[in-house]
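# Examination of the molecular architecture
Residue strings, one per chain:
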Amino acid sequence: MADGLFGHPFRRFLWSPPVFRERWSSSTALMDWLESPTAHIFKFNVPGFRKEEIKVQIEEGNILQVKGEGGKEEANAKDIVWHVAERGTAGKSLAEFSREIELPDNVKVDQIKAQVENGVLTILVPKDATPKPSRVRNINITSKL
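So, here is what we can say about the structure in this document.

Rules behind the numbers
Each residue is numbered by its place in its chain's sequence as written, counting from 1. Per-residue local features of the predicted model are confined to residues with pLDDT of at least 70, and side-chain atom pairs are confined, for both listing and counting, to 80 or more; whole-chain, interface and lining totals are unaffected and use all residues. Think of the side-chain values as coming from all heavy atoms in the structure, minus any hydrogens and water. Each helix is a run of H or I in the DSSP string that is no shorter than four residues. Each strand is a run of E no shorter than two, and both are numbered from the N terminus. Partly exposed describes any residue whose relative accessible area lies between the buried limit of under 20% and the exposed limit of over 50%, with all areas from a 1.4 Å probe on protein chains only and scaled to the type maximum. Throughout, a contact is declared for two residues whenever any of their heavy atoms are within 4.5 Å. All accessibility values rest on the Shrake-Rupley procedure with a 1.4 Å probe; residue burial counts only the protein chains present in the view. Strands are labelled as partners when DSSP assigns at least two bridges between them. Note on method: axes are straight lines fitted to C-alpha atoms, helices fitted across the in-contact stretch only, with angles between N-to-C directions ranging 0 to 180 degrees. Whenever a nitrogen or oxygen atom comes within 3.5 Å of another N or O atom, the pair is scored as a polar contact, on the condition that within protein one atom can donate a hydrogen and the other can accept it, and that pairs from neighbouring residues in sequence are kept only if both atoms are in side chains. Counted as salt bridges are all cases of a side-chain nitrogen of Lys or Arg within 4 Å of a carboxyl oxygen of Asp or Glu.

## A look at the overall build of the protein
- Each helix and strand in the protein was counted, giving one helix and eight strands.
- Reading the protein from its N end, one meets helices and strands in the order α-β-β-β-β-β-β-β-β.
- Residue burial in the protein is summarised as follows: out of 145 residues, 25% are buried.
- Partitioning the intrachain contacts of the protein with sequence separation of at least 6 by distance along the chain shows that 56% fall at a separation of at least 24.
- Accessible surface, the protein as shown: approximately 11,000 Å² in total, 53% of it carbon and sulfur.

## Observations concerning the sheet that holds strand S8 (residues 120–126)
- Taken in spatial order, the four strands make up an open sheet running S2-S3-S8-S7, and their pairing is antiparallel. In the strand order of this sheet, the two ends are held by strand S2 (31–35) and strand S7 (113–117), each with one partner. The mean angle between the axes of side-by-side strands here comes to 15 degrees, regardless of whether they run parallel or antiparallel.
- Direction of pairing for strand S3 (residues 39–45) relative to S8: antiparallel, over a ladder of seven bridges. Its bridge partner being in S8, His40 is matched across the sheet by Val125.

## Concerning unusual backbone geometry
- The phi angle at Glu60 is positive, at roughly 50 degrees, despite the residue not being glycine.
- In this model, Asn118 sits at a positive phi of 55 degrees, which is unusual for a non-glycine residue.
- Residue placement: Asn118 occurs in the loop between S7 and S8.
- Overall, the relative accessible area of 75% leaves Asn118 in the exposed class.

## Some words on the environment of Gln65
- For Gln65, the position within the fold is in strand S5 (residues 63–69).
- On the basis of relative accessible area, Gln65 is assigned to the buried category, the value being 2%.
- Measuring from C-alpha to C-alpha, the distance between Gln65 and Lys55 comes to 7.9 Å, with 10 residues separating the pair along the chain.
- Reaching out from Gln65, the side chain makes a polar contact with the side chain of Glu100 at a distance of 2.8 Å.

## Describing the pattern of salt bridges
- In this structure the tally under the stated criterion is three salt bridges.
- Lys127 is the salt-bridge partner of Glu35, the closest N and O atoms lying 2.6 Å from each other. Residue Glu35 is located in strand S2, and its partner Lys127 is located in the segment after S8; the two are separated by 92 residues in the primary sequence.
- The exposure class assigned to Glu35 is exposed, which follows from its relative accessible area of 55%.
- With a closest N to O distance of 3.6 Å, Glu52 and Arg50 form a salt bridge. By the burial criterion, Glu52 is exposed, and Arg50 matches it.
- Taken together, the shared-partner salt bridges connect Arg50, Glu52 and Glu53 into one network.

Set out below in structure tokens:
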């Protein structure tokens with residue numbers, strides 16, 4: 001093990017920013033990440049969200065960001081007393097979430113597709129079969145600068 005920790009396959013998790021970050025408010029959007037030979041498939045539980053309330057975008061080149069903000073619920077009468085407000089409180093969003101996932105290098109970010117059906121948001125991220133140029137570049141060492 002001459003490379004030590006730097007040659008370890010999980011070094012990215014130890015030395016890099018997290019693969020995914022999440023910010024939750026009053027709801028959870030559980031996620032599955034599947035990989036097929038041709039694509040990465042992300043599935044989020046988003047019950048009660050309409051497609052207009054969900055935003056999917058790419059940031060910083062390879063960060064997939066998924067956000068959702070549910071509708072607002074207003075109390076119709078001033079004499080209403082809330083005893084339990086686990087889904088949200090009067091006048092506030094019923095649910096919101098934000099999730100960021102660092103995508104692998106071998107994806108086609110310009111061909112990402114998303115759909116929401118029956119409370120499940122599915123995001124299809126196609127893989128790029130063309131080899132990427134190596135990020136490692138050798139520097140020639142000379143005796144003089």
